Amino acid sequence: MRRKLLSILSIAAALILALLAAGCHSAKETEDIAFVTCMGVDKAEQGRLKVTYEIEIPRAMGSPQVQGAGSGASDGSSMVNTVVAANTAAAHELLTATVSREINLTHLRVFLISEELAREGIEDLIAPLVRYREYRGSMYVCVVKGSAAEYILANKPKVDYLPSKFWESFMLASSQSSYYLPWEVHDVYLRLKNPGGSACAAYIAINPMSDGGKAAGASGPGEKTPGYLAGDLPRGGTANPPEFAGLAVFSGTRMVGTLDTEETRTLAILEGKLSQGIFALEDPLAPERIINIRLRNGARPKIRARLTNGQEDIDIDVLLEGEITAITSNINYEEKYRGLLEQRISEVVTMKIRNLIRRTQELGSDVAGFGFYLRPGFTTYDELEKINLEELYRTAHVSVKVTTRIRRTGMMWRSSPYKPGAAP
Amino acid sequence: MSYEPGKMGVAEGTAIVFVPSFASLFLGSWTLAIDRTATAAWMVPALSTAISLAAYLAVIWVMQRVPGDLLVVAERLLGRTAARLLAIYFIAAFFLDVVLTLRHFAENTLLTALPGQDFSLVAGFYAAVASLAVLAGIEPISRAAYLVIPFGLAGLGMLLLLILPECNFNNLAPWLGRGASAICLTGALNAGFYLSAFMLPLLAAPFQNVRTLRTAALLGAGLAGLFRTLTFFAYMAVFSATVGREKTLPLFDLARAIHIGRYLQRMETFFILVWAMFGLATIAINLYLAAYLFTRLFNLASLKPIVFPLALVALQLSFLPPDIATAAELHYKFVTLFMTAGVFAVPAILLAAALINGERGNKSKPSRDTKYR
């Protein structure tokens, strides 16, 4: 009898557990949830924040008529809601009073910070991002030139009509040129707390689309392309006006400056992240002409840092591999002058690295993370904690060696000159 | 007697040792080792595994010379009172581990998967399922745990591979962290994470011979130590000391850091399932050992009637720590002080007694006859 009772109880328990294991308790249907995919913060009056949320409209996502309407449009695949509050948590609570569904941040892809706020310090903004469970460390962080709210409103993606995919695609496409680099909350937070390097964030802005634009500086000797910052790219047309170009750099928790597109690409070389990028160089033998070289890191840069009597010394050894994509002069660089071209590329990149380091030293921002290479030189962590690595970086002596190897010559392996009289 | 644990071999023994030591990885308390050792924290599990296995081999050496399970050996070498004190120590160690693990796993479930759920319901669910498992006996528990091991190791192996792009190995420097002495001290204090190895000599008889006890413990603790070391290594390479010490759920956060393209992310959901399995198995194994030793200590006829009362008391005690931070700190202190004391003291006393008293001991006939040799 007792055995029978136990069997019945066991079966009943198994059935109850099967129900519980189905995991339906606390389950939420997607149609009950409002997914936020982008969040931007601006400075508001009386020390408050203006927090802008881009919220997906699921019913509109599959609808062909909204494809192209994009975000910012009330009839698009997302809507924009701006709340002014003391901080992001208070804004989130106020937001719940404006949307009929439960607000969910687990699919938030990007966190935008206005430049004005970033220059005052991001410690108050980053704190909830690493603690509250709905935020993820893999969210991208961008600094917006101007207003984050205006950026979100102006952003009407046309190629990717889903805003979440727009952000993801844009960041994944950064490896095409390395003119901007994706920085995640996780990376920024580690740089803010662990000694060894300074934080960065992708720099973004709205372009006036007036065909104008303004270079961030003149191109260096041997270069043909100047660097640009977001908002200043010379372009026009009917494309989406927001753009990504350059990096916002931090010293500690405060933004202290920007790197233009060329400097950002140089940083990618130092980090061993340049997978491809076309460099337009002055032809060494015909300076009025251009040679296009597609460069990438041939190996991870060898960086050695040491501390001698309080002086940081950094040795950088970079190997680049290149592919010629254009020689407008038709001079035979593939065979006869290959060494000369490789040497010129190395000189130009060496100069770019030196310029980048000098600029970031002035800003007190070790964006390349040279401090990490210094760490093995300390015996204990207590010794490391006593040193301000960012301050050491300001006065570091840097030696740079760049070696370039042209591995491929594109679809042509020999250049022949134009027929007599064909070209001026 | 109804609480005889049955018949087991190397596989079951490996699971009994491996699961509780490995499951501690899913909790947050081990990051407290970072406070003492900073960037060298990854060396701690390797050292603590070596120390605890050396201590365990000392017990095996004694058991090769004195017949019986650990309590019988203690009785032969030290007398009945000492054996009872030893039983009380192990009951306290395993039972309090049930209490703190229960609290820890229930809190983690709320934090990651069921934020809106009531804590008592989640903890009660864990306690009830573990109790049902204990009623089934240690054989089914250990075999079920053995089946879970490949999933845990494969999952962790995958995590360690996928996290490689996020690793910055300079984060592990300075290599000595807070100094060699701090590493050695913390390594020794963390030996308590492997007290589960001592479960085998306590159960002993079902494993038939000492060779099984030795092989199972070496495999179980060795494997757990290896994966704990690799995980610490990867964790420190990703987060380093300053950020690493902040995390409530280090392994969960390590999984959350995986972001390889659009499709390889949000891996942590897989770990919620794995840790729930390991958590339940750990609670069940510890609860079984506490109940088993309790019946041995008081010469009870059956283990089953005390399982639910013990689980209920554990559940009530698990409510006592006021918050998760206190519970995590208490758990770490409990492991590094109380459980580690056992790892060092039990082998040392038995070894000394065996050397002094001779091979078979000179005390009176043990209270419990054993066929185990």
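The rules behind each value
- Residues numbered from 1 in each chain as written.
- Chains lettered and ligands numbered in written order.
- Predicted model: local features only at pLDDT ≥ 70, side-chain atom pairs only at ≥ 80, totals over all residues.
- Heavy atoms only, no water.
- Helix = DSSP H or I, 4+ residues; strand = E, 2+ residues; numbered from the N terminus.
- Contact = heavy atoms within 4.5 Å.
- Rg over C-alpha atoms; globule rule 2.2 N^0.38 Å.
- Buried < 20%, exposed > 50% of the residue type's maximum accessible area, 1.4 Å probe, protein only.
- Buried area = accessible area lost by both parts, 1.4 Å probe.
- Salt bridge = Lys/Arg side-chain N within 4 Å of Asp/Glu carboxyl O.
- Polar contact = N/O pair within 3.5 Å; in protein donor to acceptor, adjacent residues only side chain to side chain.
- Nonpolar A, V, L, I, M, F, W, Y, C, P; charged D, E, K, R; others polar.
- pLDDT = per-residue confidence, 0-100.
- Core = buried A, V, L, I, M, F, W, Y, C linked by side-chain atoms within 4.5 Å.
- Patch = residues over 30% accessible without salt bridge, like charges linked within 9 Å, V, L, I, M, F, W, Y side chains within 5 Å.
- Areas by Shrake-Rupley, 256 points an atom, 1.4 Å probe, with all protein chains shown as cover.
- Disulfide = S-S within 2.5 Å.
- Pairing = 2+ DSSP bridges.
- Axes fitted to C-alpha atoms, helices over the stretch in contact; angles between N-to-C directions.
- Parallel < 35°, antiparallel > 145°, perpendicular 65-115°, else oblique.
- Left-handed = near helix turned anticlockwise from the far one by under 90°.

## Focus: the overall build of chain A
(1) Moving on: Along the backbone of chain A there are 13 helices and 14 strands.
(2) Moving on: Principal-axis analysis of the C-alpha atoms places the extent of chain A at approximately 100 × 60 × 60 Å.
(3) Moving on: Counting contacts in chain A only where the partners sit at least 6 residues apart, residues at least 24 apart contribute 73% of the total.

## Details of the overall build of chain B
(1) Moving on: Helix and strand counts for chain B come out as 14 helices and two strands.
(2) Moving on: The C-alpha radius of gyration of chain B comes to 20 Å, within 12% of the 21 Å expected for a compact globule of 373 residues.
(3) Moving on: In terms of its C-alpha atoms, chain B occupies a principal-axis envelope of roughly 65 × 45 × 35 Å.
(4) Moving on: By residue count, 60% of the 373 residues in chain B fall in the buried class.
(5) Moving on: When contacts within chain B are restricted to residue pairs at least 6 apart in sequence, those whose partners lie at least 24 apart make up 85%.

## Some points on the interface of chain B and chain A
(1) Moving on: Chain B puts 37 residues into the contact, and the matching count from chain A is 36 residues.
(2) Moving on: Summed over both partners, the interface of chain B with chain A buries about 3000 Å², with 48% contributed by carbon and sulfur atoms.
(3) Moving on: Taken together, chain B and chain A are joined by four salt bridges.
(4) Moving on: In this structure, Glu-385 of chain A engages Arg-178 of chain B in a salt bridge whose closest nitrogen and oxygen atoms are separated by 3.1 Å.
(5) Moving on: Taken together, chain B and chain A are joined by 20 residue pairs in polar contact (both at pLDDT 80 or more).
(6) Moving on: Every element with two or more residues in the side of chain B that touches chain A is listed here: helix H5 (80-112), helix H6 (119-136) and helix H10 (210-244) of chain B.
(7) Moving on: Here the side of chain B that touches chain A takes six residues from H10 of chain B, the largest share from any one element.
(8) Moving on: For the side of chain B that touches chain A, a count of residues per class yields 17 nonpolar, 13 polar and seven charged.

## Some details on the confidence of the model for chain B
The predicted coordinates should not be examined in detail at positions where pLDDT is low.
Residues and elements named next belong to chain B.
(1) Moving on: Residues with a pLDDT of 70 or more make up 94% of chain B, whose mean pLDDT is 90.
(2) Moving on: The secondary structure element of chain B with the lowest average pLDDT is strand E2 (residues 264-265), at 78, and the one with the highest is helix H8 (residues 180-189), at 96.
(3) Moving on: Predicted confidence is poor over residues 369-373, with pLDDT under 50, and the contacts of this stretch with residues over four places away or in other chains come to 21 contacts.
(4) Moving on: The ipTM value of the predicted complex is 0.88, and its pTM value is 0.90.

## Side note on the pattern of salt bridges
(1) Moving on: One pass over the full model with this rule turns up 29 salt bridges over all chains.
(2) Moving on: One salt bridge in this structure joins Glu-168 of chain A and Arg-109 of chain A, with 2.7 Å as the shortest N-O distance. Here Glu-168 of chain A is found in helix H7 (residues 163-172), whereas its partner Arg-109 of chain A is found in the loop between strand E4 (102-104) and strand E5 (110-114), with 59 residues between them in sequence.
(3) Moving on: Given a relative accessible area of 5%, Arg-109 of chain A falls into the buried group.
(4) Moving on: The closest approach of N and O atoms between Arg-178 of chain B and Asp-382 of chain A, which form a salt bridge, is 2.8 Å. Here Asp-382 of chain A lies in helix H12 (residues 381-385) and Arg-178 of chain B lies in the loop between helix H7 (138-162) and H8, a pairing that spans two chains.

## Some words on the nonpolar core
(1) Moving on: Judged by nonpolar contacts, the single largest core of 223 residues is most densely connected at Tyr-53 and Ile-316 of chain A together with Phe-22 and Phe-90 of chain B.
(2) Moving on: Those residues within four positions of Phe-90 of chain B in sequence are excluded, and the remaining contacts are Leu-70, Leu-195, Phe-198, Leu-202, Leu-293 and Val-346 of chain B.
(3) Moving on: Cys-142, Phe-166, Tyr-180 and Ala-202 of chain A belong to the second-largest nonpolar core, a separate cluster that totals 16 residues.

## Here's the deal with the side chain of Ser-114 of chain A
Residue and element names in this part refer to chain A.
(1) Moving on: Tracing the sequence through the fold places Ser-114 in strand E5.
(2) Moving on: For Ser-114, a relative accessible area of 1% corresponds to the buried category.
(3) Moving on: With residues near it in sequence (within four places) discarded, Ser-114 still touches Val-41, Asp-42, Lys-43, Val-143, Val-144, Gly-146 and Ala-148.

## Considerations on a nonpolar patch on the surface
Residue and element names in this part refer to chain B.
(1) Moving on: Residues Leu-96, Val-313, Leu-317 and Leu-320 make up a contiguous nonpolar surface patch of about 330 Å² in total accessible area.
(2) Moving on: Residue placement: Leu-317 occurs in helix H13 (residues 304-318).
(3) Moving on: Taking the relative accessible area as the measure of exposure, Leu-317 reaches 31% and is therefore partly exposed.

## Quick look at the state of the cysteines
All names here are of chain A.
(1) Moving on: Under the counting rule described, the total for this entry stands at zero disulfides over all chains.
(2) Moving on: Note on Cys-200: no disulfide assigned, nearest cysteine sulfur contributed by Cys-142 at a separation of 12 Å.
(3) Moving on: Look at Cys-200 and you get buried, because its relative accessible area is 0%.

## Overview of the pairing of strand E1 (residues 33-43) of chain A
Regular strands have side chains that alternate between both faces of the sheet.
Residues and elements named next belong to chain A.
(1) Moving on: Burial analysis of E1 places ten of its eleven residues in the buried class, which makes it a mostly covered element.
(2) Moving on: Note: E1 against strand E2 (residues 49-56), seven bridges, orientation antiparallel. Following the sheet pairing, Val-41 is matched in E2 by Val-51.
(3) Moving on: Counted along the chain from E1 to the antiparallel partner E2, the turn is five residues long, and its residue Gln-46 has a positive phi close to 55°.
(4) Moving on: Across four bridges, E1 lies against E5 in parallel orientation. Looking at E5, one finds that Gly-40 is bridged to Leu-112.

## A short note on the confidence of the model for chain A
(1) Moving on: Chain-level statistics for chain A give a pLDDT mean of 89 and a share of 94% at 70 or above.
(2) Moving on: Scored below 50 in pLDDT, residues 67-75 of chain A shows 32 contacts in the model against residues more than four places distant or in partner chains.

## Notes on the packing of helix H3 (residues 43-65) of chain B against helix H14 (residues 324-357) of chain B
All names here are of chain B.
(1) Moving on: Relative to each other, H3 and H14 sit at 30°, their axes nearing to 9 Å. On the basis of their axis angle, the class for H3 and H14 is roughly parallel. In this structure, H3 crosses over H14, and the sense of that crossing is left-handed. Here Ile-51, Ser-52, Ala-55, Ala-58, Val-59, Trp-61 and Val-62 of H3 lie close against H14, whose contacting residues are Val-343, Phe-344, Pro-347, Leu-350, Leu-351, Ala-354 and Leu-355.
(2) Moving on: Residues belonging to the contact of H3 with H14 are distributed by class as follows: 13 nonpolar, one polar and no charged.

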